[in-house]
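Next come the chains, spelled out residue by residue.
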Amino acid sequence: MSLNTGEIEIAELRKLTTFIQEKFDYSFKDYAMSSFRRRIRRILDLYKLQTVDELIQTLNTKEDFFQEFVSELTVNVTEMFRDPTFWRVLREHIIPNIMLNHNKISIWHAGCSSGEEIISMAIVLDEMGILDKAKIVATDIDRSIIAKAKEGRYPIKHMEVNHKNYSRYQGKYSLQKYYTEVGSEAIIDKSLLENVSYRKHDLVQGSVFSKFDLVLCRNVMIYFNQTLQNQVLHRLHESLFKYGYLVIGSKESLIWCDIAHKFIVVNNEEKIYKKIKD
Amino acid sequence: MIKQTHLTDKYKAVVIGGSAGSFQPIVQILSSIPRQFPLPIFLCLHRLKHVRHGFVEALSIKSQKEIAEPLDKESIKKGVVYLAPANYHMAVELGNSISLNTEELINNSRPAIDITFESAAYVYRDKLIGVLLSGANKDGAIGMQRIKQRKGLTIIQNIEESMINAMPMAAKNIVDIDYELKVDEIISFLLKLNELYK
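**A few points about the domain arrangement of chain A**
One widely used convention gives an interface's size as the accessible area the parts lose upon coming together.
Residue and element names in this part refer to chain A.
Phase 1: Under the domain assignment, chain A is made up of domain 1 (10–73) and domain 2 (84–153 + 189–275).
Phase 2: For domain 1 and domain 2, the distance between their C-alpha centroids amounts to 28 Å.
Phase 3: Contacts between the two partners involve 12 residues from domain 1, matched on the other side by 12 residues from domain 2.
Phase 4: When domain 1 packs against domain 2, close to 1,100 Å² is buried across both sides, 47% of that on carbon and sulfur atoms.
Phase 5: Among the residues domain 1 hides against domain 2, the three largest losses belong to Tyr26, Asp30 and Tyr31. Together they make up 47% of the total.
Phase 6: The tally of links between domain 1 and domain 2 comes to zero salt bridges.
Phase 7: Here domain 1 and domain 2 share seven residue pairs in polar contact (both at pLDDT 80 or more) between them.
Phase 8: When residues in the side of domain 1 that touches domain 2 are grouped by element, the largest group, three residues, is from helix α4 (residues 65–73).
Phase 9: Split by residue class, the side of domain 1 that touches domain 2 holds five nonpolar, five polar and two charged.

Here it is as structure tokens:
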């Protein structure tokens, strides 16, 4: 580490990712460097560690530190109904299209984080009167964030942005209908989440475990480099039924991936794709 | 004015940050530099998170420059102005591409100028020019510090000229800034650079 700036060098990050791969069998080597470096800097500051070597030492000696490390490393900032216009397209076009040929809908939230997206989805389905027809699977690499997603409790102060998004989505009611305030927390109505199953799953090294009509993987792959984005897209592709839909973040793109031609763009603005080839 | 040592063709990129009161200066700058300006320009302006459209168009009205909100991992091209999209941080990645991310707000902002500046400083080192314009908070100060540490060139908008000077002031308070310039002077510096690359 450069002493005058506290700057972490690439070689140090390589050493760290190699160590983690060998000891814990997690692969971070193809994470996008700019943000990975920032996250590691943040973790050093948070735990008052001076160098990456000290971090490696801590990971090596403190049994349960690795889980904490993963939680701090992964970015868990999200909102309900992020990009309201996307949720409208989902309600007006995508879900009706899927339901045209099916009586059921299966959905995978790949990288579900603290669960705001799952709740948004459940609300959309509920207001369409088809929540009981949905099978929703939510996965994340971080066990503790999954536990949080399951709980469905959010600080009231976070609800303001969620309310704004919901009203831009033009939902049927008020978001208030779906939670109760207890102290400084909003507790989500558990009946919304009855059809959701949660599991720990690593997009980078995990295997394909099921097939879905709709996969949401929004603003997850932006933390990966292009090589890894490409690999992950292969898994997402395998996890979709033919003519199933894939949604990525509004500023992400598939065009650089080698199997881009196996999808067509359904909505470029909201980055909704349809799998057309196995 | 500008020292001879700073008038070179070694630079590889320009980063510009701005907030309240920076829109006019930005429009002035973008309308004054030629379409073939030899460096990529990364523009990080505080903006409403839910308004995804209209900003590029507004900036393009008077400018001949190609102005674009990049997609994640888009390759960097000379002469293009990259505007940080609403509700994303924009970072420069090693290997000549741009990364976007949805990390925490910084200085209450996403996009945050500090992220764009720091990442660009890391990649371009002494070959970066950082420009910080008018604004009401302290975003960009740490970024300017990092540019300076990596031996890049640091420029703030003239404190008196800045409509709201908190942002350039914040940088000035923690960094030994190379130049404090009026918008016209920033433009003439960029135009001189443009000549040097010919």
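Don't stop here, the text continues.
**Notes on the pattern of salt bridges**
Phase 1: Using the criterion set out here, one finds 28 salt bridges over all chains in the structure.
Phase 2: Of the charged contacts in the structure, one is a salt bridge between A:Lys29 and A:Asp30, with a shortest N-O distance of 3.2 Å.
Phase 3: Connected through shared salt-bridge partners, A:Arg38, A:Arg39, A:Arg42, A:Glu72, B:Glu103, B:Glu104 and B:Glu118 make up one network.

**Points about the interface of chain B and chain A**
Phase 1: Counting from both sides, the interface comprises 32 residues of chain B and, opposite them, 40 residues of chain A.
Phase 2: Of all residues in chain B, the largest losses of buried area upon contact with chain A belong to B:Arg52, B:Lys73 and B:Tyr122, amounting jointly to 22% of the total for that side.
Phase 3: A:Glu79 is the salt-bridge partner of B:Arg110, the closest N and O atoms lying 3.6 Å from each other.
Phase 4: Put simply, chain B and chain A have 21 residue pairs in polar contact (both at pLDDT 80 or more) between them.

**Overview of helix α6 (residues 183–196) of chain B**
Residue and element names in this part refer to chain B.
Phase 1: Over its 14 residues, α6 extends 20 Å from the first C-alpha to the last, a length consistent with the 20 Å expected when each residue adds 1.5 Å.
Phase 2: Val183, Ile186, Ile187, Phe189, Leu190, Leu193 and Asn194 are the residues of α6 that are buried. Along the axis of α6, the buried positions cluster into a sector of 160°, meaning they face one direction only.
Phase 3: Here the buried face of α6 lies against β1 (13–18), α1 (23–32), β7 (128–132), β8 (153–157) and β9 (179–181).

**Structural notes on the sheet that holds strand β10 (residues 272–275) of chain A**
Sheet strands pair via backbone hydrogen bonds, and the direction of the pair is either parallel or antiparallel.
Residue and element names in this part refer to chain A.
Phase 1: An order of β6-β2-β1-β7-β8-β10-β9 is seen for the seven strands of this open sheet, with the pairing classed as mixed. At either margin of the open sheet sits one strand with a lone partner, and together these are β6 (196–200) and β9 (263–267). Along the sheet, successive strands turn relative to each other by an average axial angle of 20°, direction set aside.
Phase 2: By the bridge criterion, six bridges tie strand β1 (residues 105–110) to strand β2 (residues 134–140) in an arrangement that is parallel. Counted as the bridge partner of Ile107 is Ile136 from β2.

**Things to note about the nonpolar core**
Residues and elements named next belong to chain A.
Phase 1: In this structure, Ile40 and Phe69 are the most contacted members of the largest nonpolar core, which totals 81 residues.
Phase 2: Each of two domains, domain 1 (10–73) and domain 2 (84–153 + 189–275), supplies a minimum of three residues to this core.
Phase 3: Here Ile40 is in contact with Ile8, Leu13, Leu16, Val52, Leu55, Phe69 and Leu73, once residues within four sequence places are set aside.
Phase 4: Membership of the second largest hydrophobic core comes to 46 residues, among which are Ile123, Ala138, Ile188 and Tyr198.

**A closer look at the pairing of strand β4 (residues 80–83) of chain B**
Residue and element names in this part refer to chain B.
Phase 1: On β4, burial covers both faces: Val80 and Tyr82 on one face and Val81 and Leu83 on the other are all buried.
Phase 2: Bridge analysis of strand β3 (residues 66–68) against β4 gives three bridges, and the strand direction is parallel. Along β4, the bridge assignment pairs Glu66 with Val80.

**Description of the packing of helix α5 (residues 84–101) of chain A against helix α8 (residues 156–169) of chain A**
Residues and elements named next belong to chain A.
Phase 1: Viewed as axis vectors pointing N to C, α5 and α8 meet at an angle of 45°, and their least axial separation amounts to 8 Å. The angle between α5 and α8 falls in the class oblique. Our pair here, α5 against α8, has a crossing hand that is right-handed. Taking contact as the criterion, the partners of Pro84, Trp87, Arg88 and Arg91 in α5 are, on α8, Asn165, Arg168 and Tyr169.
Phase 2: A class-by-class count of the residues in the contact of α5 with α8 yields three nonpolar, one polar and three charged.

**So, the packing of aromatic side chains**
Phase 1: Taken as a whole, this structure holds 22 aromatic pairs over all chains when the rule is applied.
Phase 2: Ring plane angle 75° and centroid distance 6.0 Å describe the contact between A:Phe209 and A:Phe212, whose orientation is recorded as edge-to-face.
Phase 3: Site record: aromatic cluster; members linked through ring pairs are A:Phe19, A:Phe24, A:Tyr26, A:Phe28, A:Tyr31, A:Phe36, A:Phe66, A:Phe69 and A:Phe224.
Phase 4: The ring of B:Tyr88 has A:Arg82 sitting right over it, with the charged end atom 4.9 Å from the ring centre.
Phase 5: Above the face of the A:Tyr173 ring, A:Lys177 is positioned so that its terminal group lies 4.6 Å from the ring centre.

**Considering the environment of A:Thr74**
Residues and elements named next belong to chain A.
Phase 1: Secondary-structure assignment places Thr74 in the loop between α4 and α5.
Phase 2: By relative accessible area, Thr74 is classed as buried at 12%.
Phase 3: Separated by 67 residues in the primary sequence, Thr74 and Ile141 place their C-alpha atoms 8.4 Å from one another.
Phase 4: Sequence-distant contacts of Thr74, that is, excluding residues within four places in its chain, are made with Arg39, Ile141 and Asp142.
Phase 5: Here the side chain of Thr74 touches Val70 through a polar contact of 2.8 Å, landing on its backbone oxygen.
Phase 6: Within polar-contact distance, the side chain of Thr74 engages the backbone oxygen of Ser71 at 3.4 Å.

**A closer look at unusual backbone geometry**
Phase 1: In this structure, the amide linkage connecting B:Arg110 to the following residue, B:Pro111, adopts the cis form with an omega of 10°.
Phase 2: For B:Pro111, the position within the fold is in the loop between β6 (97–101) and α3 (113–124).
Phase 3: With a phi close to 60°, A:Asp25 is a non-glycine residue in the positive phi region.
Phase 4: Looking at where A:Asp25 falls in the secondary structure, it is placed in the loop between α1 (10–24) and α2 (33–46).

The rules behind the values
Residues numbered from 1 in each chain as written. Chains lettered and ligands numbered in written order. Predicted model: local features only at pLDDT ≥ 70, side-chain atom pairs only at ≥ 80, totals over all residues. Heavy atoms only, no water. Domains from an automatic or database assignment. Contact = heavy atoms within 4.5 Å. Buried area = accessible area lost by both parts, 1.4 Å probe. Salt bridge = Lys/Arg side-chain N within 4 Å of Asp/Glu carboxyl O. Polar contact = N/O pair within 3.5 Å; in protein donor to acceptor, adjacent residues only side chain to side chain. Helix = DSSP H or I, 4+ residues; strand = E, 2+ residues; numbered from the N terminus. Nonpolar A, V, L, I, M, F, W, Y, C, P; charged D, E, K, R; others polar. Expected span 1.5 Å × (residues − 1). Buried < 20%, exposed > 50% of the residue type's maximum accessible area, 1.4 Å probe, protein only. Arc of directions from axis to C-beta. Pairing = 2+ DSSP bridges. Axes fitted to C-alpha atoms, helices over the stretch in contact; angles between N-to-C directions. Core = buried A, V, L, I, M, F, W, Y, C linked by side-chain atoms within 4.5 Å. Parallel < 35°, antiparallel > 145°, perpendicular 65-115°, else oblique. Left-handed = near helix turned anticlockwise from the far one by under 90°. Phe/Tyr/Trp six-rings, centres within 6.5 Å; stacked < 30°, edge-to-face > 60°. Lys NZ or Arg CZ within 6 Å of the ring centre and 35° of its normal.

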